[in-house]
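# Reading the structure
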Amino acid sequence: MSGFVFSEKPIEIETGEGAYLYDTDGTAYMDAGASYACTPAGHCPPSVVEAIQEQAERLLYVQASYPTAPRTELFDALTAVAPGDCERVWLCNSGTEANEAALKFARSATDRTTFVAATRGFHGRTMGTLSTTWRNQYKKAYEPLLEDVTFVPYGDEEELAAAVDGTTAAVILEPIQGEGGVHAADAEYLRTAREVTTDADAALVFDEIQTGLGRTGTMWACEAADVVPDVLTVAKGLASGLPIGATLCRDWIAEGAASHGSTFSGNPLVAAAATATLSTIEDQGLAENAARMGERLQSGLAEAELDVRDVRGRGLMVGIEVKRGSNRVLRDLALEQQILALPAGRSVLRLLPPLMVTDDHVDRLLEGVSDVLAAEATQ
């Protein structure tokens, strides 16, 4: 079968602008999933498009051993927004690679081999990151994976503390689980993670690939708990949809990472797009807008009194746990309401709209979701 990559949806997308995607017939679809959270500033933000066009005329690629201005500028931009002293930056091509690097760096820095991860967690599809991912459906076909991984119940402070000891290289957690159903850890749980890893001289890794870049109302979700990890990973929307990942580290983690490498690390074109994306997020106050629009969205969902099990999340990262499977809801949203959303497991509808959405966008989303779920409840 030629072109085998993903199972494809029956909608061929041709263009995008802001919160909308347009198919080959010109039909407009609200992208309430921001295309896997990869378009925080909307589709084709002018400032990012301009930066890409200007850089494409100068230099598309040079091997990573040569410094370039776009890469240096991105280092500076990431350092400026990094939490605490996570100011050493490793660039790669995806969130999976950023997390793979985090695991390698933690092993190198601690000279230990074991990891602690959480139930329902998702950290990627390479052999290492799959080992710290919970659900068997992602990893069964590729076993055996790394064996020294202990899974603890997400949010249980006592279980986490009991699992971390002098053999632990790192604890890896999402401050808010995305693929696992949009579950947020409370602040005390993240603080406990910080305390027990510090006491054990282990690394604390926060996977902010989905929660970072303002999505939850602050630049990083961990800021809400006032917790600084040893390693923070970011990807998805960092370059407005161009492939990039970044692993931000404290000095003690970065010192032993020199043997790690990547051909396209800091690619000039993608670096220019990433710096422009970060500037757009900050200049347009998109984290603050995510907090406001997220409150409007969740309040509206509560007022609609939907026949669902739960509505949860933070900022513009919202999960609606439906009473039946989410796939039919997603289909009806797309075909009847022209709204594209995402699943999070079998029963959760995940809403991750671009961070630049307005009141009108949110109200349109509320109307569409409410109509589809009301119809679902009568079937």
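In this report, we go over the structure that sits alongside the text. (Residues numbered from 1 in each chain as written. Predicted model: local features only at pLDDT ≥ 70, side-chain atom pairs only at ≥ 80, totals over all residues. Heavy atoms only, no water.)

Glancing now at the sheet that holds strand β5 (residues 114-118). Ordered by their spatial adjacency, 7 strands build an open sheet running β4-β12-β11-β10-β7-β5-β6, and the pairing between neighbours is mixed. Each edge of the open sheet is held by one strand with a lone partner, namely β4 (88-92) and β6 (149-152). When the angles between neighbouring strand axes are averaged without regard to direction, this sheet yields 20°. Taken together, the 5 bridges between β4 and strand β12 (residues 245-249) define a ladder with antiparallel strand orientation. Bridge pairing in β12 links Leu91 to Ala246. Here helix α4 (residues 95-110) sits on the sheet in contact with β4, β5, β7 (168-173), β10 (203-207), β11 (231-234) and β12, set at roughly 30° to β12. (Pairing = 2+ DSSP bridges. Helix = DSSP H or I, 4+ residues; strand = E, 2+ residues; numbered from the N terminus. Axes fitted to C-alpha atoms, helices over the stretch in contact; angles between N-to-C directions. Contact = heavy atoms within 4.5 Å.)

For the rest of this paragraph, the subject is the packing of helix α12 (residues 326-337) against helix α13 (residues 359-377). Contact pair α12 / α13: the axes reach a minimum separation of 10 Å and the direction vectors enclose 125°. Comparing their axes, α13 and α12 come out oblique. In the packing of α12 onto α13, the handedness of the crossing is right-handed. Facing α12, whose interface residues are Arg328, Val329, Asp332, Leu333 and Gln337, α13 presents Arg364, Gly368, Val369, Asp371, Val372, Leu373 and Glu376. When its residues are assigned to classes, the contact of α12 with α13 shows 5 nonpolar, 2 polar and 5 charged. (Parallel < 35°, antiparallel > 145°, perpendicular 65-115°, else oblique. Left-handed = near helix turned anticlockwise from the far one by under 90°. Nonpolar A, V, L, I, M, F, W, Y, C, P; charged D, E, K, R; others polar.)

Moving on to the packing of aromatic side chains. Summed over the entire model, instances satisfying the criterion amount to 4 aromatic pairs. With a centroid separation of 5.0 Å and an interplanar angle of 65°, the aromatic rings of Phe122 and Tyr138 are classed as edge-to-face. Here the residue Phe122 occupies a position in the loop between β5 and α5 (127-131), and Tyr138 occupies one in helix α6 (residues 136-139), the gap between them amounting to 16 residues. For Phe122, a relative accessible area of 18% gives the class buried. (Phe/Tyr/Trp six-rings, centres within 6.5 Å; stacked < 30°, edge-to-face > 60°. Buried < 20%, exposed > 50% of the residue type's maximum accessible area, 1.4 Å probe, protein only.)

So, about the pattern of salt bridges. Evaluation of the coordinates by the stated rule reveals 15 salt bridges. Across the pair Glu376 and Arg324 runs a salt bridge whose closest N-O atoms are separated by 3.8 Å. In this pair, Glu376 sits in helix α13 while Arg324 sits in the loop between β14 (317-321) and α12, placing the two residues 52 residues apart along the sequence. Relative accessible area serves as the criterion here: at 10%, Glu376 is assigned to the buried category. One salt-bridge network, held together by shared partners, links Asp85, Arg194, Asp230 and Arg250. (Salt bridge = Lys/Arg side-chain N within 4 Å of Asp/Glu carboxyl O.)

Turning our eyes to something else, we now look at the packing of helix α11 (residues 286-303) against α13. For any two helices packed against each other, the geometry comes down to the angle between their axes and how far apart the axes lie. It is at 10 Å that the axes of α11 and α13 come closest, and there the two elements cross at 25°. Relative to α13, α11 is oriented roughly parallel. Two packed elements cross with a definite hand, and for α11 against α13 that hand is right-handed. Residue-level contacts link Met293, Arg296, Leu297, Gly300 and Leu301 of α11 to Asp359, Val362, Asp363, Leu365, Leu366 and Val369 of α13. Here the contact of α11 with α13 is built from residues that sort into 7 nonpolar, 1 polar and 3 charged.

This part covers the side chain of Thr233. Topologically, Thr233 is positioned in strand β11. Accessibility expressed as a relative area gives 0% for Thr233, which makes it buried. Among the polar contacts made by the side chain of Thr233, one reaches the side chain of Asn99 at a distance of 2.8 Å. Residue contacts for Thr233: discarding those within four places in its chain leaves Ala98, Asn99, Ala102, Phe206, Asp207, Glu208, Ile209, Ala246 and Thr247. (Polar contact = N/O pair within 3.5 Å; in protein donor to acceptor, adjacent residues only side chain to side chain.)

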